[in-house]
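# Close look at the chain arrangement
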Amino acid sequence: MMDVPTANQSQTPCQPWAGQNGWSPASPQGLPCNPLPSFQHFSLGSPSDHRACHDHLQASEQGCQSDLNAFSSTHDSTLCATNADQSVQRVIPDVSSVVPAASQGRNIPPCSLPLMNESMQPCKPQQMPLYSPRSPYQAISPPFHSPYTHQDLLNGPQSPHQKHLPISSPSFGQCGNQSPQWTPQPSLDRANVVSSVGYTLNHASPTSPIQQQPQWTLSPHSRGTMNEFVPNATAQDRNITPQSPNSESRYGLDPELLPSAVKVIAEDSAEWEGKVFISEPFSPLPPLATTSCMVEDRGNASPFAIRSTSYCVPCDGQTVLISRLPLGALVTPLTKQSAGEKPLPVCKEPECVTGCSWCGASMCPAMGWQDCGQRFYCPFCGKLSEVPWQHYQPTKGVEGVRVDKDKRPELSLGSYEILNSQKSEPAALLLAIDVSASALRGGHLEFTTQQIFTLLTSLKRGDGDAPSDIRVGLITYDSTIHLYDLSPGLSRPHMLVITETEDLQLPVREGLLVSLNDCMDAIDSVLQLIPQFSAECDDSSGVPMELPVKAGLAILQALNCPGKLLIFHTAPLIEMRLSNSSSGFFGSNKPKSIFQPSEQAVSLAKECVSQGCGVHLFILSQQDVGGAWPGHIPYLTGGALYTYSHLQGELDRERFITDLKRIMETDTGYKAELRIFVSKDLRVSGCYGLFIPGPSPGQVTMATLDWLTTLAVELAHTRAVDETRGVAIQAALSYSTQAGERRTRVHTLTLRCSRHLQDAFRQYQAQTLLTFYCKKIYCAALERPLQELREELQTEVTEALASYRKHCCSSSVSAGQLVLPQYLRALPVYLNSLRKSEVLLPGLRSSVHQRLLLRCQVLSMDTRSTAAHFYPLLLPLPLSGDSSSSPNPEEALRCSAASLEPRGLYLVHAPLTLLLWVGTQVPACTLVELFNTSCFSSLPSGETKLPVLDNPLSISVRSLIHTLNSQTPRARKLWVVKQGDTCEEALQRHLVEDKSPNGGASYADFLYHLHVNSVRFLQ
């Protein structure tokens, strides 16, 4: 089956979004909106239907719509245009003549890719000139006819308005030497809306990748229809690697000429890398999440803490509905400060100016002072609050600014922290080790206990960022629970065996959690004895993962403290049975989904959240296929799931050591409560992420969270917003530190408003929308069919493009010109990668457990990691150790097979994967310097580790890999993929611009259908 249904398949009308874990965002109040009809019920007419909107373009282009040869020779474009529009537009060839009029009235489903005739072969990608008008936000091309008609593909009746033009294929040399390229000019200053886009058009160099694609010519007898393609002999005679079939477009589009996410990232990096972004109220669009820059807080929170989907909020809900783009924000409460930035200021609660007494919002620069500083206006509830006498200060100036504004972070900064007066118990560390028969036979218990002891020794010394003194407890388990009394007054630790696991009762409380400095010797003696245990029961039926969770939770509840629970599990996993009700997939009448956790897992996770217990589960052996997936409880409590294969290999052991160390060194917040406040004319309609929902979407409770934890918040209008006041969003996180301090971290973002739809479109960013859509759709996958979610995602972006085309573009734009806002150029490639991800579109080799794990891993990512996951970094590596050709992450290539050359080495970097692709024609000297072998066939394939060699190439590549690994939240193994090897499918999944192995459409085809359907939508 194809990624998308065929043209004759009926489609369900677009349904409203369902929120995360049962959240159903209600429609915003205000003016009623007549929703745009589904785009599949519209058909694109013949070229004559659109002639009125671009007759003047036809005259200037000397009849390019009637002769493809004339178009082929017009490659060198000049900058021309119109000042009528201040929008940015991107181009694909004119498709108005591709869809026949006979298809009018049909139901065209989302991305309904027509199947080619059996006798057809892919055609040569066409090249198109790029035109940039005088408008600083507009770049359009002349219309273009596809080399074959849509009618021929669908075998439909001929339209009376369809004109068949003689098709002649350009020669190889003509296409190869005249392919256009985009050359970036100085970057666009976002604050200045009249600066130029900065694109020119040049001829391609002789070594251009476009020239190296195989050329196709028509058979001599074909005119008007396309029955057979004959490869050009010239291309076969040359030593040129053909372009991968997965990179070719069905519709003759050259993928190299489509908007590039790599180019967008590079332009933003060139503009902001190493510079300072001033974050102040009503500030312009910030740098991308993938750009490393410093942020100076002048009254607005850093975009790495709160990033709005649009930095210009529409004044009314009707405008938001017309735009078809979401309104919301991405919140990362515990984000790290970049190197060189000032640390987050901390003020004590008694000394801090109190916030709103009505809604509970914290003090921030968005508050408006009145009556000489005696009262302040709260933008979140619209009420006035009195200022306590001990915090009173007069105001000055016309704007009514307090005289002590610069001395108080709560009055002058967008982000600060409040140290609360109350204190809680310090967090503890619990270690639960599986000692069942499977674990004892596995042979890795000795290694596991050694690494645990090494970790505890480093904690005692206070190495790194880990706490120096922490309370530690130890648990072992099989079918029973073994607790250990580690009291320092005992000559040796005492084991307490609990056989009744249904209703777990602790026999004692003292000695179960002891300071690490006082119990190090006792723990050492127990860890040395664990590998020598004898198996007391048969675990062939499995051990429920809930058993150690219940034991660790009971200890934390008895001593009333939060903590981390690290479980090292080996035995087969099963679900614990419920005595009163059924659980699992068939345990309720709700709609079933493979992503839904069992009732037992949700119930236990809720208890962990209320206690502040974060579970981290290490699976030390390969689990049987079809068993219970153990990751629900860890990810719902802020922990994670780590899987290894018996820990026998060196690579798995290195990953285990790195993951164990990072868990302890990561700053963690315990018993956290996040509250979202928005302006009084808005409301929080949904919240999406890895958490258990509460009674309100604006209030989220979490057991633990770290600096990567990111939530997506969706907003809706309740009434029209005052354009002069703007919109304020505040995220207040109340949490406990490792030492037991109770703190409140406050982030406030103030945005400007506009009544013009065009202003809102200019202030969207593709990476932010990708992360928002990802979290929303992955959460909705708990309750809704995946096919419905994929179609709804494409419907959303199609209607958004249609809305931008209708309301923000000049009437001179023809139907053959793709129109995209400036900062949404990369949105189609991002959303296509999301649509065909393994979670939403499983492949033949995708297991349910892999998809469950991948969904939770992606939901726990921040914006930067999410963008890198759906569009990995493809880096060309040098072939020699010359210092001038050292690997540079800024020189990334497009994620397509066309970017890979047989003589090259390429590194694919994603948050969860690291691949090294080796071409068949890599010089032998390079293989020797990097792999210590000169034979390509003898190279290791699959999981491997680069040898430590003393040469510049090996040192530079290993240094780059180490740098990239330090930026990821967990350890990764390096995969070496040889060209033509069977494991190349692992690489194909990351070449997101090509057709994916699971049937997902290529970027070029997806963009083509977005454009066609958006044009048909407006007819």
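Computed from a predicted structure; not experimentally measured.

## Observations regarding the overall build of the protein chain
Regarding its fold elements, the protein chain presents 25 helices and 37 strands. Once local pairs closer than 6 in sequence are excluded, the contacts in the protein chain between residues at least 24 apart make up 76%. Accessible area for the protein chain stands at about 40,300 Å²; split by element, carbon and sulfur atoms hold 51% of it.

## A few points about helix α15 (residues 650-665)
The first and last C-alpha atoms of α15 sit 23 Å apart over 16 residues, in line with the 22 Å expected at 1.5 Å per residue. For α15, the complete set of buried residues consists of Leu651, Asp652, Arg655, Phe656, Asp659, Leu660, Ile663 and Met664. Against β17 (428-434), α10 (445-461), β23 (563-569), β25 (613-619), β26 (640-643) and β36 (942-944) lie the buried residues of α15.

## Notes on the sheet that holds strand β30 (residues 711-717)
Working definition: the strands of a sheet are paired by backbone hydrogen bonds and lie parallel or antiparallel to each other. Taken in spatial order, the four strands of this open sheet run β7-β9-β30-β28, and their pairing is antiparallel. Unpaired on one side and paired on the other, β7 (306-308) and β28 (682-688) mark the two borders of the sheet. Averaged over all pairs of adjacent strands, the angle between their axes in this sheet comes to 25 degrees, without regard to strand direction. Strand direction decides the pairing type here: β28 and β30, joined by six bridges, are antiparallel. Looking at β30, one finds that tyrosine 688 is bridged to alanine 712. In the packing of helix α17 (residues 766-780) onto the sheet, contacts are made with β7, β9 (328-331), β28 and β30, and the angle to β30 comes to roughly 95 degrees.

## Brief notes about unusual backbone geometry
Even without glycine at this site, arginine 324 takes up a positive phi of about 70 degrees. The residue arginine 324 is located in the loop between α7 (317-323) and β9 in this model. Positive phi is not limited to glycine here, since lysine 671 has a value of about 50 degrees. Within the element layout of this structure, lysine 671 appears in strand β27 (residues 669-678). By relative accessible area, which is 31% here, lysine 671 ends up partly exposed.

## A short note on the side chain of arginine 743
By the secondary structure assignment, arginine 743 is in strand β32 (residues 741-754). One polar contact links arginine 743 to glutamate 741, side chain to side chain, over a distance of 2.9 Å. Not counting residues up to four positions away in its chain, the partners in contact with arginine 743 are Val346, Glu417, Ile418, Leu419, Asn420, Leu733, Ser734, Tyr735 and Thr737.

## Concerning the pairing of strand β16 (residues 415-423)
As paired strands, strand β10 (residues 346-348) and β16 are joined by three bridges and run parallel to one another. Paired with cysteine 347 across the strands is isoleucine 418, a residue of β16. Here six bridges tie β16 to β32, and the two strands are oriented antiparallel to one another. Looking at the pairing, lysine 423 lines up with glutamate 741 of β32.

## Some remarks on the nonpolar core
The biggest cluster of nonpolar side chains holds 174 residues, and the ones touching the most others in it are Leu456, Phe568, Phe618, Tyr778, Leu834, Leu907 and Leu916. At 10 residues, α17 tops the list of elements feeding residues into this core. For leucine 456, the residues in contact, after removing those within four places along its chain, are Leu429, Leu431, Val472, Leu516, Met520 and Ile523. Counting residues in each nonpolar core, the second largest holds 34 residues, with Leu334, Phe691, Leu711 and Leu751 among its members.

## Comments concerning the packing of α17 against helix α19 (residues 827-835)
Relative to each other, α17 and α19 sit at 20 degrees, their axes nearing to 9 Å. When the axes of α17 and α19 are compared, the pair comes out roughly parallel. By crossing handedness, the relation of α17 to α19 is classed as right-handed. Seen from α17, the contacting residues are Ala766, Gln767, Leu769, Leu770, Tyr773, Cys774, Ile777 and Tyr778; seen from α19, they are Leu827, Tyr830, Leu831 and Leu834. For the contact of α17 with α19, a count of residues per class yields 11 nonpolar, one polar and no charged.

## Observations concerning the sheet that holds strand β12 (residues 375-377)
Judged by pairing direction, the sheet is antiparallel, and its three strands sit side by side in the order β11-β12-β13 without closing on themselves. Edge positions in the sheet fall to β11 (368-370) and β13 (384-386), since each of these pairs with one other strand and no more. Across this sheet, the average inter-strand angle for adjacent strands is 30 degrees, counted without regard to direction. Of the strand pairs in this sheet, β12 and β13 are connected by three bridges, and their pairing is antiparallel. Paired with tyrosine 377 across the strands is leucine 384, a residue of β13.

## Focus: the packing of helix α22 (residues 924-931) against helix α23 (residues 952-966)
Closest axis-to-axis distance for the α22/α23 pair is 8 Å, and the angle between their directions is 60 degrees. As summarised for this structure, α22 and α23 are arranged oblique, according to the angle between their axes. In terms of crossing hand, the pair formed by α22 and α23 is right-handed. Residues Thr926, Glu929 and Leu930 of α22 pack against Leu953, Ser954 and Val957 of α23. Taken together, the residues that form the contact of α22 with α23 break down as three nonpolar, two polar and one charged.

## Comments concerning the pattern of salt bridges
What the rule picks out here adds up to 27 salt bridges. As a salt-bridge pair, aspartate 371 and arginine 375 come within 1.9 Å of each other at their nearest N and O atoms. According to the relative accessible area criterion, aspartate 371 is partly exposed, its value standing at 36%. For arginine 375, a relative accessible area of 25% puts it in the partly exposed group. With a closest N to O distance of 3.3 Å, aspartate 652 and lysine 973 form a salt bridge. Of this pair, aspartate 652 sits in helix α15 while lysine 973 sits in the loop between α23 and β37 (974-978), placing them 321 residues apart in sequence. Across the pair, lysine 973 and aspartate 652 agree in class, each one buried.

## Concerning the confidence of the model for the protein chain
On average, residues of the protein chain score 76 in pLDDT, and 72% of them reach the 70 mark or higher. Taking the mean pLDDT of every element in the protein chain, the minimum, 27, falls on strand β3 (residues 216-218) and the maximum, 98, on β9. Under a pLDDT of 50 for its full length, residues 4-243 has, in the predicted model, 550 contacts with residues more than four places off or in other chains. The model gives residues 578-590 a pLDDT under 50, and that stretch makes 17 contacts with residues more than four places away or in other chains.

## With respect to the packing of aromatic side chains
Evaluation of the coordinates by the stated rule reveals 15 aromatic pairs. On the numbers, 5.0 Å between centres and 15 degrees between planes, the contact of phenylalanine 568 with phenylalanine 618 is stacked. One end of the pair, phenylalanine 568, is in strand β23; the other, phenylalanine 618, is in strand β25, and 50 residues separate them in sequence. An identical accessibility class is assigned to phenylalanine 568 and phenylalanine 618; each is buried. Note on tyrosine 906 and tryptophan 917: the rings are 5.8 Å apart at their centroids and 50 degrees apart in plane angle, and the pair reads as tilted. On the criterion of sequence distance, the pair formed by tyrosine 906 in strand β34 (residues 905-910) and tryptophan 917 in strand β35 (residues 913-918) is long-range, its members being 11 residues apart. Pair check on accessibility: tyrosine 906 and tryptophan 917 agree, each one buried. Three or more aromatic residues joined by ring pairs form one cluster here, namely Phe447, Phe568, Phe618, Tyr642, Tyr644 and Phe656. In this arrangement the basic side chain of arginine 402 is found over the ring face of tryptophan 369, its NZ or CZ atom lying 4.9 Å from the centre.

## Considerations on α10
Because an α-helix packs 3.6 residues into every turn, residues spaced three or four apart end up facing the same way. End to end, α10 covers 24 Å across 17 residues, agreeing with the expected 24 Å (1.5 Å per residue, within 8%). Those residues of α10 lying buried are Leu445, Phe447, Thr448, Thr449, Gln451, Ile452, Leu455, Leu456, Ser458 and Leu459. Each element contacted by the buried residues of α10 is listed here: β17, α9 (437-442), β18 (471-477), α11 (516-529), β23 and α15.

## Things to note about the side chain of serine 621
Assignment of secondary structure puts serine 621 in the loop between β25 and α14 (632-636). Residue class for serine 621 comes out buried when judged on its relative accessible area of 7%. Side-chain polar atoms of serine 621 contact the backbone oxygen of threonine 570, separated by 2.8 Å. Ignoring any residue separated from it by four or fewer positions in sequence, one finds serine 621 in contact with His569, Thr570, Tyr644 and His646.

About the thresholds
- Residues numbered from 1 in each chain as written.
- Predicted model: local features only at pLDDT ≥ 70, side-chain atom pairs only at ≥ 80, totals over all residues.
- Heavy atoms only, no water.
- Helix = DSSP H or I, 4+ residues; strand = E, 2+ residues; numbered from the N terminus.
- Contact = heavy atoms within 4.5 Å.
- Areas by Shrake-Rupley, 256 points an atom, 1.4 Å probe, with all protein chains shown as cover.
- Expected span 1.5 Å × (residues − 1).
- Buried < 20%, exposed > 50% of the residue type's maximum accessible area, 1.4 Å probe, protein only.
- Pairing = 2+ DSSP bridges.
- Axes fitted to C-alpha atoms, helices over the stretch in contact; angles between N-to-C directions.
- Polar contact = N/O pair within 3.5 Å; in protein donor to acceptor, adjacent residues only side chain to side chain.
- Core = buried A, V, L, I, M, F, W, Y, C linked by side-chain atoms within 4.5 Å.
- Parallel < 35°, antiparallel > 145°, perpendicular 65-115°, else oblique.
- Left-handed = near helix turned anticlockwise from the far one by under 90°.
- Nonpolar A, V, L, I, M, F, W, Y, C, P; charged D, E, K, R; others polar.
- Salt bridge = Lys/Arg side-chain N within 4 Å of Asp/Glu carboxyl O.
- pLDDT = per-residue confidence, 0-100.
- Phe/Tyr/Trp six-rings, centres within 6.5 Å; stacked < 30°, edge-to-face > 60°.
- Lys NZ or Arg CZ within 6 Å of the ring centre and 35° of its normal.

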